[in-house]
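A look at the structure
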Amino acid sequence: MKKILSFIFIVFGFTMLFIGCSSNALKTNFIEGVVTLDGSPVADATITFSPKGNEPVAVGKTDSSGKYTLSSLQGGRNGQGALSGDYYVTIKKMINTAPKPTEEELRNASEKGIDLTMKYPSKMEYVIPSKYEDKKTSGLEATVKAGKNKIDFDLTSK
């Protein structure tokens, strides 16, 4: 009888733990949109929704067609989208425009244990103007409402 009661208490405890954890999940709203620069889609850009209140930050990355979706993370819990509220938005994309070593140089360096980073240092350049990566200068804001949200951003290089 003691074993049965112990088993019941263990099952009950795990059930309550599971219910408690799932009730703390983020109540996020789905967000998608497209990022364009001068009318062309921007691939591989990072888009961040920074809360004006106490909501968690939501982040996404654009695909080859400029489309993004957001995810939020708070207290180790991930939510697809963002909580309802007002957000500052930043968008960033940089690329390395430095010359790259040839296949032969890479092979020789690998064989001889040579580090090529001094010969070929990174040179990062903005694809999207740098003003869009700072919430104070981007001029981009969004309001997330309950349910599904479609929020596009048409950026200019000027």
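This structure is a prediction, so every number in the text was calculated from the model and none was measured.

**Things to note about the nonpolar core**
- Counting residues in hydrophobic clusters, the biggest one holds 23 residues, and the most contacted among them are Ile47, Phe49, Tyr68, Ile91, Phe153 and Leu155.
- Every element with two or more residues in this core is listed here: β1 (31–37), β3 (46–51), β8 (85–92), β11 (141–144) and β13 (153–155).
- Sequence-distant contacts of Tyr68, defined by excluding residues within four places in its chain, comprise Ile31, Glu32, Gly33, Val34, Val35, Ile47, Phe49, Lys61, Thr62, Ile151 and Phe153.

**Overview of the confidence of the model for the chain**
- Model confidence for the chain is summarised by a mean pLDDT of 83, while 79% of its residues fall at 70 or above.
- The secondary structure element of the chain with the lowest average pLDDT is helix α1 (residues 2–23), at 44, and the one with the highest is strand β2 (residues 40–41), at 98.
- Ignoring residues within four places in sequence, the model shows residues 5–24, a span with pLDDT below 50, making two contacts including any to other chains.

**Looking at the environment of Asp154**
- Structurally, Asp154 is set in strand β13.
- Remark: the alpha-carbon pair of Asp154 and Val35, spanning 119 residues in sequence, is separated by 6.0 Å.
- In terms of polar contacts, Asp154 uses its side chain to reach the side chain of Thr36, at 2.8 Å.

**Focus on the pattern of salt bridges**
- Under the defined criterion, the tally for this structure stands at seven salt bridges.
- Residues Glu133 and Lys92 are paired through a salt bridge, measuring 3.5 Å at the closest nitrogen-oxygen approach. One end of the pair, Glu133, is in the loop between β10 (124–126) and β11; the other, Lys92, is in strand β8, and 41 residues separate them in sequence.
- Under the relative-accessibility criterion, Glu133 is labelled partly exposed at 27%.
- Under the relative-accessibility criterion, Lys92 is labelled partly exposed at 37%.

**A short note on helix α2 (residues 103–112)**
- The element α2 is barely covered by neighbouring structure, given that only one of its 10 residues are classed as buried.
- Of the residues one or two after α2, Gly113 is the one with positive phi, at around 70 degrees.

**Concerning the packing of aromatic side chains**
- Here the structure, examined in full by the defined rule, presents three aromatic pairs.
- A ring pair is formed by Phe49 and Tyr87, whose centres lie 5.7 Å apart and whose planes are at 55 degrees; its orientation type is tilted. Separated by 38 residues along the polypeptide, Phe49 in strand β3 and Tyr87 in strand β8 bring together distant segments of the chain.
- A relative accessible area of 0% places Phe49 in the buried class.
- Judged by relative accessible area, which is 0%, Tyr87 ranks as buried.
- Plain terms: the ring middles of Tyr68 and Phe153 are 6.4 Å apart, the flat faces sit at 35 degrees to each other, and that makes the pair tilted. Of this pair, Tyr68 sits in strand β5 (residues 67–69) while Phe153 sits in strand β13, placing them 85 residues apart in sequence.

What counts, and where the lines are drawn
- Residues numbered from 1 in each chain as written.
- Predicted model: local features only at pLDDT ≥ 70, side-chain atom pairs only at ≥ 80, totals over all residues.
- Heavy atoms only, no water.
- Core = buried A, V, L, I, M, F, W, Y, C linked by side-chain atoms within 4.5 Å.
- Buried < 20%, exposed > 50% of the residue type's maximum accessible area, 1.4 Å probe, protein only.
- Helix = DSSP H or I, 4+ residues; strand = E, 2+ residues; numbered from the N terminus.
- Contact = heavy atoms within 4.5 Å.
- pLDDT = per-residue confidence, 0-100.
- Polar contact = N/O pair within 3.5 Å; in protein donor to acceptor, adjacent residues only side chain to side chain.
- Salt bridge = Lys/Arg side-chain N within 4 Å of Asp/Glu carboxyl O.
- Phe/Tyr/Trp six-rings, centres within 6.5 Å; stacked < 30°, edge-to-face > 60°.

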